[in-house]
Amino acid sequence: MMMSLVFGAIASSALILGAFIGVKFELPKRLLAMLLAFAAGALITALTFELFEDAYERGGILRAAIGLMVGAIVFTALSALLDRWAQPGAKATPADEFQGSAKLDTDAAAADKPATVESTRGAAGVALLAAVTLDGVPENVALGVSLGEGTGGLALLAAIFVSNFPEALVGAASMRTQGRSAGSIIGLWGACAVLLVVAVVVGAGPLSGTDPEAISLPLAFAAGAVIASLADTLMPEAFEHGGPAVALSTAAGFVLAFVLSLA
């Protein structure tokens, strides 16, 4: 139990750290894109070797595939709703319909770009907070399951940390542009961090001893949510603002998480 608390606190501390930097500083937009790409690379390793492979070994390919598709569908649908919430009244044109996620507005955290209307007038920061919670709960439950059964989890821990940090940074910056106080912003992201720590503890406690076939579904669901968030949010946003160079950052994130998966 103590180990699950430690791992949960480490993974979720990135939310508070990112929120603090988001309300205090502005970073070069290229750097933000590189951070998002690095997180994407780490998540690719984690969803492959820590989530989907584990789900497959526990419940077989059919359960794993069904769980993954359900997770991807649920995240994609809710993410689309959150994007609409982030830009109320906006109507996308064919030219800009797929120009990244409205809720992940890196302009709000960038030193070289003004914040978009979605951040200053909409609810981009809160929508991103909701999205982080949405895919964070199954990720952290899966981390807890890995810890509870002694199967490692270092790669998943690293992937969760490096993905939480830039998302919290951008989300907090978006909230700042709306005029929210630093205390309330850090408090919101801190509450999310506490929830995700609880998810790790639940995974390491009640869920870790359940039937392997039953636990394969939430593991695969988490993998589906992660792969959907990569395709829907992280990778498009990283490439849009970082260009081809983000490929190297993505590769670096993949290698780091892979090395940790061998530990």
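Each remark here, short or long, concerns the structure printed above.
Here we summarise the structure given alongside this text.

Reading the values: rules and limits
- Residues numbered from 1 in each chain as written.
- Predicted model: local features only at pLDDT ≥ 70, side-chain atom pairs only at ≥ 80, totals over all residues.
- Heavy atoms only, no water.
- Helix = DSSP H or I, 4+ residues; strand = E, 2+ residues; numbered from the N terminus.
- Buried < 20%, exposed > 50% of the residue type's maximum accessible area, 1.4 Å probe, protein only.
- Contact = heavy atoms within 4.5 Å.
- Polar contact = N/O pair within 3.5 Å; in protein donor to acceptor, adjacent residues only side chain to side chain.
- Salt bridge = Lys/Arg side-chain N within 4 Å of Asp/Glu carboxyl O.

**A word on the overall build of the protein**
Phase 1: A count of helices and strands for the protein gives eight helices and zero strands.
Phase 2: Shown N-terminal to C-terminal, the secondary structure of the protein runs as helices and strands in the order α-α-α-α-α-α-α-α.
Phase 3: In terms of its C-alpha atoms, the protein occupies a principal-axis envelope of roughly 50 × 40 × 35 Å.
Phase 4: In the protein, buried positions account for 51% of the 263 residues.

**Structural notes on the environment of Phe254**
Phase 1: Here Phe254 lies in helix H8 (residues 246–261).
Phase 2: On the basis of relative accessibility, which here comes to 33%, the residue Phe254 falls in the partly exposed class.
Phase 3: Distance from Phe254 to Leu43, taken between C-alpha atoms, is 7.4 Å for residues 211 residues apart in sequence.
Phase 4: Not counting residues within four places of it along the chain, the set of residues in contact with Phe254 comprises Gly41, Ala42, Ile44 and Thr45.

**A short note on the side chain of Ser216**
Phase 1: For Ser216, the position within the fold is in helix H7 (residues 212–242).
Phase 2: Of the polar contacts made by the side chain of Ser216, one reaches the backbone oxygen of Glu213; its length is 2.7 Å.
Phase 3: Sequence-distant contacts of Ser216, that is, excluding residues within four places in its chain, are made with Ala55, Arg58, Gly59 and Arg63.

**Section: the pattern of salt bridges**
Phase 1: Enumeration over the complete set of coordinates arrives at six salt bridges.
Phase 2: Between Glu26 and Arg176 there is a salt bridge whose closest N-O contact spans 3.5 Å. Within this pair, whereas Glu26 is found in the loop between helix H1 (2–24) and helix H2 (29–86), its partner Arg176 is found in helix H5 (residues 154–177), the two being separated by 150 residues in sequence.
Phase 3: By relative accessible area, Glu26 is classed as partly exposed at 44%.
Phase 4: Residue classification places Arg176 among the partly exposed positions, given a relative accessible area of 23%.
Phase 5: Of the charged contacts, one joins Lys103 and Asp232 as a salt bridge, the two residues approaching to 3.9 Å between their closest N and O atoms. Taken as a pair, Lys103 in the loop between H2 and helix H3 (117–121) and Asp232 in helix H7 lie far apart in primary sequence, 129 residues in all.
Phase 6: A residue is classified by how much of its surface remains accessible, and Asp232, at 25% relative accessible area, is partly exposed.

All quantities given are derived from atomic positions and should not be read as evidence of function.
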